[in-house]
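Chain by chain, the residues:
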Amino acid sequence: MSIVFVGGIPEHRCLIPGNLNLSEAWLNRTIPLEQGRGKLQHSQCRRYRLDVIRNLSATFADPGSINMSEVEQEPCLDGWEYSKDQYISTIVSEWDLVCDNHWKGPFAMSIFFIGVLLGSFITGQLSDRFGRKLIMFATMAVQTVFSMLQAFSPNWEIFCILNFLVGLGQISNWVAAFVLGSELLGKSIRIVFCTVGACISFATGYMILPLIAYFIRSWPMLLLILALSGLLYHEDMKARSKQSHSIIHLLKTRNIRAITVILFLVWMILTAEYFGLSLNTPNLHGDDYLNCFFSAAVEVPAYTAAWLFLRRFSRKFSLSGSLLLGGVVLFFIQLIPSNLLAISTFLAIIAKLGITTAFCVIYVYTAELYPTVVRNTGVG
């Protein structure tokens, strides 16, 4: 979730060189105004041609006497200047990931999830073969080491490569830890561990993130601080061999095949909804740090609700009910007028509650549906 702040987009506009000898009035008119977010604001990607502005300023002292809409425009040939009101630096301001390069910010996050995809496939099978504990700590080391190296990325390309490796490690140790805990504990306490145990710990860390990001507004230092927490954990690792099972065993029999296909679809929908809502917090109405905190805080009642649902109701009802709540609320957000942004933000938080509850339930349900020999592979 740190990409919300690491990849935050500061207010920006074209850089105007200081050697133009323009008056204050003309400097204020070098950036065209355009409609955006319901109001008139300075363009972020265009400026008036500086050679034309220089000639006009030599002839007209007051730019108000000129029809600026007729002046030719050009892209930001000298780079951009970024506001430091919210961020000291982000990967966006570091490598100018704006305008024609705007796609590079979201692409860096997509690279992370490609790492998650590969990690889910590979380490799930490795965990079933060599043991959960070995893979959990090995991939925790991968996540920690490459997160630290990421803070020293010299360019965007290296950042993306390291982000891929961080994603590979992150999902692998989370799934291994989840499956390990659910197998070690008895049935009476397993549901408590899978919901309010492991998941509320995740939510607590998630809530701490915007607090750390509020005080550390430089992206390399933020990544370094978050990565150093991984060094706090160490444990003896003992691998255990067992009969080899591959991912093909998830499709081998008719019953397992049906379970795998249905779960694949549910997981795909849930992942898109959960991360879509979580990573969208900078685009919501209000303060980015508070929105991120509220998005994290709502996970505590969500995981508690998952625990209560799983105790009182069937797995299918718990999953379907929470999915329905999230989906219906997301649908109604589209009907809210654009001038009522606070209501849209509130509904997005409610939708997050429903989706997070479903996300918690699906972990428990998946782990229970697969036999031990392919459980980690199945969850992955």
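What you see is a predicted model, and the numbers here were worked out from it, not measured in a lab.

Draft legend 1. Local environment of the overall build of the protein. Helices and strands together make up the secondary structure of the protein, namely 15 helices and six strands. Reported as C-alpha extents along the three principal axes, the dimensions of the protein are approximately 85 × 45 × 40 Å. Per-residue burial over the protein gives 43% buried out of 380 residues. Within the protein, contacts between residues separated by at least 24 positions form 78% of all contacts whose residues are at least 6 apart in sequence. Surface accessibility of the protein: about 19800 Å² in total, with carbon and sulfur atoms responsible for 64%. Here the protein contributes 28 positive and 24 negative side-chain charges, whose respective centroids are spaced 19 Å apart.

Draft legend 2. The arrangement of the nonpolar core in detail. Counting 88 residues, the largest nonpolar core has F5 and F159 as its most contacted members. Among all residues touching F159, those that are not within four sequence positions of it are I3, V6, I91, W95, A108, Q150, S153, W219 and L223. Formed by five residues, the second largest nonpolar core is a distinct cluster that contains F137, M140, A176 and L180.

Draft legend 3. Looking closely at the pattern of salt bridges. Under the counting rule described, the total for this entry stands at eight salt bridges. A salt bridge links R49 to D51; the shortest N-O distance between them is 2.5 Å. Taking the relative accessible area as the measure of exposure, D51 reaches 32% and is therefore partly exposed. Among the salt bridges present, the one from E72 reaches R49, with a minimum N-O distance of 3.0 Å. Pair noted here: E72 is in the loop between α3 (50-59) and β5 (73-75) and R49 is in the loop between β4 (46-48) and α3, with a separation of 23 residues, a long-range link. Among the residues examined, E72 registers a relative accessible area of 46% and is labelled partly exposed. Taking relative accessible area as the criterion, R49 reaches 25% and is therefore assigned partly exposed.

Draft legend 4. Structural detail: a nonpolar patch on the surface. Taken together, L117, L118, F121, I122, L126 and F130 make up a surface patch of nonpolar side chains, about 490 Å² in accessible area. Mapped onto the elements of the fold, I122 is located in helix α5 (residues 104-130). I122 gets classed as partly exposed once you look at its relative accessible area, which sits at 39%.

Draft legend 5. Representation of the domain arrangement of the protein in the model. Taken domain by domain, the protein consists of domain 1 (17-77), domain 2 (89-235) and domain 3 (249-379). Each of domain 2 and domain 3 was reduced to a C-alpha centroid, and the two centroids are 19 Å apart. Taken together, the contact pairs 30 residues of domain 2 with 31 residues of domain 3. Summing the contributions of domain 2 and of domain 3, the shared interface buries around 2600 Å²; its carbon and sulfur component is 73%. When the buried surface of domain 2 facing domain 3 is broken down by residue, I191, Y206 and M207 rank first, second and third, together holding 23% of it. If you look at where domain 2 meets domain 3, you find two residue pairs in polar contact (both at pLDDT 80 or more). The set of elements that each furnish at least two residues to the side of domain 2 that touches domain 3 consists of α5, α7 (156-184) and α8 (187-215).

Cut-offs applied
- Residues numbered from 1 in each chain as written.
- Predicted model: local features only at pLDDT ≥ 70, side-chain atom pairs only at ≥ 80, totals over all residues.
- Heavy atoms only, no water.
- Helix = DSSP H or I, 4+ residues; strand = E, 2+ residues; numbered from the N terminus.
- Buried < 20%, exposed > 50% of the residue type's maximum accessible area, 1.4 Å probe, protein only.
- Contact = heavy atoms within 4.5 Å.
- Areas by Shrake-Rupley, 256 points an atom, 1.4 Å probe, with all protein chains shown as cover.
- Lys, Arg positive; Asp, Glu negative; His and termini not counted.
- Charge placed at Lys NZ, Arg CZ, Asp CG, Glu CD.
- Core = buried A, V, L, I, M, F, W, Y, C linked by side-chain atoms within 4.5 Å.
- Salt bridge = Lys/Arg side-chain N within 4 Å of Asp/Glu carboxyl O.
- Patch = residues over 30% accessible without salt bridge, like charges linked within 9 Å, V, L, I, M, F, W, Y side chains within 5 Å.
- Domains from an automatic or database assignment.
- Buried area = accessible area lost by both parts, 1.4 Å probe.
- Polar contact = N/O pair within 3.5 Å; in protein donor to acceptor, adjacent residues only side chain to side chain.

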